[in-house]
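Chain and residue survey
Chain residues, written in single-letter form:
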Amino acid sequence: AGGIMILEWDIILGTDPDMPASAGALVYPNPITDAFTIDLNQAYTLQVMDLCGREVLHATSSETQSFATTGWKQGLYIIRIRANNQVFEHKLVVQ
């Protein structure tokens, strides 16, 4: 007890009323061009890394928030959200 559980997490595109409660957050759009939004109404820490492991974004929030991707190169990024003693990871595509 008290450890961190790592779960596989799929990015949810748009707002799906049938979204399973375990997903916990909406992240949209994906792919992205200039910004993405995280819709999660609890405290969370966001970390985004490029495929070389360099952190390109680190933020904390407790509400729905948009994050700019201005200046990011096109390609694949790993998004990690820590919330409620869980870690969710998935891929973000920047076009």
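A brief structural summary. (Residues numbered from 1 in each chain as written. Predicted model: local features only at pLDDT ≥ 70, side-chain atom pairs only at ≥ 80, totals over all residues. Heavy atoms only, no water.)

**A look at the nonpolar core**
Ranked by size, the top nonpolar core spans 20 residues in total, and within it F36, I38, L46, I79 and I81 carry the most contacts. For this core, the elements supplying multiple residues, two or more each, are β3 (35-39), β4 (44-50), β5 (55-61), β7 (75-83) and β8 (86-94). (Core = buried A, V, L, I, M, F, W, Y, C linked by side-chain atoms within 4.5 Å. Buried < 20%, exposed > 50% of the residue type's maximum accessible area, 1.4 Å probe, protein only. Helix = DSSP H or I, 4+ residues; strand = E, 2+ residues; numbered from the N terminus.)

**Some details on the sheet that holds β3**
Strand order across the open sheet formed by three strands is β2-β3-β6, with antiparallel pairing between neighbours. Either end of the sheet is taken by a strand with one partner, and the two such strands are β2 (26-28) and β6 (65-68). Ignoring strand direction, the axes of neighbouring strands in this sheet form an average angle of 20°. Sheet topology note: the β3/β6 ladder contains four bridges and is antiparallel. Across the sheet, residue I38 finds its bridge partner in β6, namely Q65. (Pairing = 2+ DSSP bridges. Axes fitted to C-alpha atoms, helices over the stretch in contact; angles between N-to-C directions.)

**Digging into unusual backbone geometry**
A cis amide bond links Y28 to the next residue, P29, at an omega of -15°. Position of P29 among the secondary structure elements: in the loop between β2 and β3. In this chain, N30 is followed by P31 through a cis amide linkage whose omega measures 15°. As for its placement among the helices and strands, P31 is situated in the loop between β2 and β3. Residues other than glycine seldom take positive phi values, yet N84 does so here, at roughly 55°. Residue position: N84 is located in the loop between β7 and β8. We classify N84 as exposed; its relative accessible area is 60%. In the Ramachandran plot, N85 falls in the positive-phi region, its phi being about 60° despite a non-glycine side chain. Topologically, N85 is positioned in the loop between β7 and β8. You can call N85 exposed: its relative accessible area is 58%.

Everything listed here is a matter of coordinates, which is why it stays silent on function.
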